[in-house]
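Overview (structure and organization)
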Amino acid sequence: MAGSKRVCPSNKIIYYPQMAPVVITLVSDGTRCLLARQSSFPKGMYSALAGFCDIGESLEEAVRREVAEEVGLEVERLQYSASQHWPFPNSSLMIACHATVKPGQTEIQVNLKELEAAGWFSHDEVATALRKKSPYTQQQDGTFWLPPKLAIAHQLIKEWVEKPSCSTLPA
Ligand SMILES: NC(=O)c1ccc[n+]([C@@H]2O[C@H](COP(=O)([O-])OP(=O)(O)OC[C@H]3O[C@@H](n4cnc5c(N)ncnc54)[C@H](O)[C@@H]3O)[C@@H](O)[C@H]2O)c1
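Residues numbered from 1 in each chain as written. Predicted model: local features only at pLDDT ≥ 70, side-chain atom pairs only at ≥ 80, totals over all residues. Heavy atoms only, no water.

Taking an unreviewed UniProt entry as the reference, the protein chain is identified by name as NAD(P)H pyrophosphatase NUDT13, mitochondrial belonging to Mustela putorius furo. In its Subcellular location (unreviewed entry) section, the UniProt entry covering the protein chain states "Mitochondrion". The Function (unreviewed entry) field of the UniProt record for the protein chain holds the comment "NAD(P)H pyrophosphatase that hydrolyzes NADH into NMNH and AMP, and NADPH into NMNH and 2',5'-ADP. Has a marked preference for the reduced pyridine nucleotides. Does not show activity toward NAD-capped RNAs; the NAD-cap is an atypical cap present at the 5'-end of some RNAs." (UniProt positions renumbered as here; feature names shortened; annotations may be inferred.)

What follows covers the environment of Ser 122. Within the secondary structure layout, Ser 122 lies in the loop between strand 8 (117-121) and helix 2 (123-131). By relative accessible area, Ser 122 is classed as partly exposed at 26%. Counting along the chain gives 27 residues from Ser 122 to Ile 95, while the straight-line C-alpha distance between them is 24 Å. Not counting the four nearest positions on each side in its chain, Ser 122 is found in contact with Arg 32 and Trp 160. (Helix = DSSP H or I, 4+ residues; strand = E, 2+ residues; numbered from the N terminus. Buried < 20%, exposed > 50% of the residue type's maximum accessible area, 1.4 Å probe, protein only. Contact = heavy atoms within 4.5 Å.)

This next bit is on the site of the ligand. Gln 38, Gln 84, Trp 86, Asn 90 and Ala 153 are the nearest of the 16 residues found near the ligand. Contact distances for the ligand include 3.1 Å between a nitrogen atom and a side-chain N or O atom of Gln 84. In this structure, an oxygen atom belonging to the ligand sits 3.3 Å away from a side-chain N or O atom of Trp 86. Its residues assigned to classes, the shell around the ligand comprises eleven nonpolar, five polar and no charged. (Near = heavy atom within 4 Å. Polar contact = N/O pair within 3.5 Å; in protein donor to acceptor, adjacent residues only side chain to side chain. Nonpolar A, V, L, I, M, F, W, Y, C, P; charged D, E, K, R; others polar.)

Shown next, in the form of structure tokens:
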């Protein structure tokens, strides 16, 4: 709803809804993509890397910092994909990007303070996982699966599978 606000009846101060920008990045090494999981995720679910933007940062800086902090990789190129408002629990504006790393610079150092695990997944592995039915309706047996369709993470991963250009971004 455009122009949302609440006015305090006693002192007339206007309160506008708050929103925090979050970058969500799917990193590719040219043939594979990098997916990670936090210990709080449902069993077996892997997703793209996400993190809140810091004050004073551009989106590009936030992407490079988050990727470096979470998996120790240096982003070479990045490209905006799409955005989504994600209301719970923090009222986030999710800004989704594709990113690439330099060929040969693919060794992951998982930051265990932020992630439980991270790894490179092949095109076939990811395409197969996208075709699976939502595990929310099935028993979670711990096999690899992806966020549901409504999440921008799913759309970002699907775009990578469908568009080879997402793995080799222009300079
Ligand atoms: N729609 C999607 O596809 C999708 C995918 C991944 C994450 N998300 C959402 O994006 C958000 C961020 O993801 P994450 O994995 O970094 O989350 P997270 O919940 O793991 O947050 C990490 C930490 O960031 C810090 N932080 C910094 N600024 C904050 C702020 N403004 N509000 C709250 N915490 C803040 C907190 O210390 C928090 O513990 C979460 O709300 C998550 O639900 C949405």
